[in-house]
Amino acid sequence: VAMSTTGDKILDTALSKIGEKSLFTKELENALERNEVDLVVHSLKDLPTSLPPGFTIGAVCKRENPLDAVVFHPKNCGKTLSLLPEKSVIGTSSLRRAAQLKKKFPHLEFRDIRGNLNTRLKKLDEKEDFSAIILAAAGLKRMGWENRIGQLLGPEDCLYAVGQGALAVEVRAKDQEILNMVSALHDADTLLCCIAERAFMKHLEGGCSVPVAVNTLLKDGQLYLTGAVYSLDGSDSLKETMQTGVSYPHQNEDGPNDDVQHVGITAKNVPGRAQEAAENLGVELASLLLSKGAKHILSVARQLNDAR
């Protein structure tokens, strides 16, 4: 069942200005609630950290490359952002990307661009408005347009969005049969990384309208989470990294705990203690940034964005 959502339809306004938390999810959730469909597939980064009552994420699939990618206008083929001429215009509707890249590449200008991938690539190729646009590498790869990626932005240039590159399967929380079925799709490593990222975002109270960014790495049973907040122009920022152990044996956790959600995700086949550790890591990292002044940076960013 193909559906289009508010976020797909309102294409003349920056995402951060529409102010609707469930931009890409509401219509799908309505169909789920009415039993017209039994599961819906989202980009995890479109799902708010608190889901409406009665819903849960029943599976987080293996993550595609979570990095951001630069797609250049054909005339700039072979260049990188640092080699673009002064005052070149870069298209992105993401405050997170713009804040980080303004700071890193002060010679460039950033302007909003909306629309699905086809629309944005068309705007880039057929007009002279943009020298390049920034998109998630995952979307380009899934569409088979990997050859358009001119530059991948590593964590040193641009931390990615919470949940970027992962697909989420949302189901009715009480529908045990469907929950059990989709749980086979969980990728444990992706799940733990995304629980930490979502807990970080939730504790910061970040959303579409503020620049919050992350980078996670799971290696040898240790989960490393880097999280950052930025002012809109990138001049003010806070960034920290923390780690925790997440290798726990799987115990049969039947009984009243079988519906425990971690930031909206239900995963019975991944050790509960590992999920708790990942969630606590996100909360602790957010608390650290808040203690260093993140709330002020985010509230100023929110006010400025509302005033734009």
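As annotated in an unreviewed UniProt entry, the protein carries the name hydroxymethylbilane synthase and comes from Melospiza melodia. Heading Pathway (unreviewed entry) of the UniProt record for the protein holds this comment: "Porphyrin-containing compound metabolism; protoporphyrin-IX biosynthesis; coproporphyrinogen-III from 5-aminolevulinate: step 2/4."

Visitor: Run through the environment of Cys 194, naming residues and quoting values.
Guide: Structurally, the position occupied by Cys 194 is in helix α8 (residues 188-204). Exposure remark for Cys 194: the relative accessible area of 0% places this residue in the buried category. Residues in contact with Cys 194, not counting those within four places in the same chain, are Leu 44, Val 60, Arg 63, Gly 163 and Ala 166.

Visitor: Any chance you could break down the environment of Thr 226 for me, citing the residues and the numbers?
Guide: With respect to the helices, strands and loops of the structure, Thr 226 is situated in strand β10 (residues 222-230). Exposure remark for Thr 226: the relative accessible area of 11% places this residue in the buried category. Linking Thr 226 and Thr 241, residues 15 residues apart in sequence, is a C-alpha distance of 4.1 Å.

Visitor: How would you explain the pattern of salt bridges if you had to name every residue and give the values?
Guide: Applying the stated rule across the entire model yields 13 salt bridges. Close ionic contact of Arg 63 with Glu 197 constitutes a salt bridge, the shortest N to O distance being 2.9 Å. Note that Arg 63 is positioned in the loop between β2 (55-60) and β3 (68-72) and Glu 197 in helix α8, a separation of 134 residues in sequence. Of the two residues examined, Arg 63 and Glu 197, each falls in the buried class. Among the ionic pairs, Asp 68 bridges to Arg 96, the shortest N-O distance being 2.9 Å. Separated by 28 residues along the polypeptide, Asp 68 in strand β3 and Arg 96 in helix α4 (residues 95-104) bring together distant segments of the chain.

Criteria and cut-off values
Residues numbered from 1 in each chain as written. Predicted model: local features only at pLDDT ≥ 70, side-chain atom pairs only at ≥ 80, totals over all residues. Heavy atoms only, no water. UniProt positions renumbered as here; feature names shortened; annotations may be inferred. Helix = DSSP H or I, 4+ residues; strand = E, 2+ residues; numbered from the N terminus. Buried < 20%, exposed > 50% of the residue type's maximum accessible area, 1.4 Å probe, protein only. Contact = heavy atoms within 4.5 Å. Salt bridge = Lys/Arg side-chain N within 4 Å of Asp/Glu carboxyl O.

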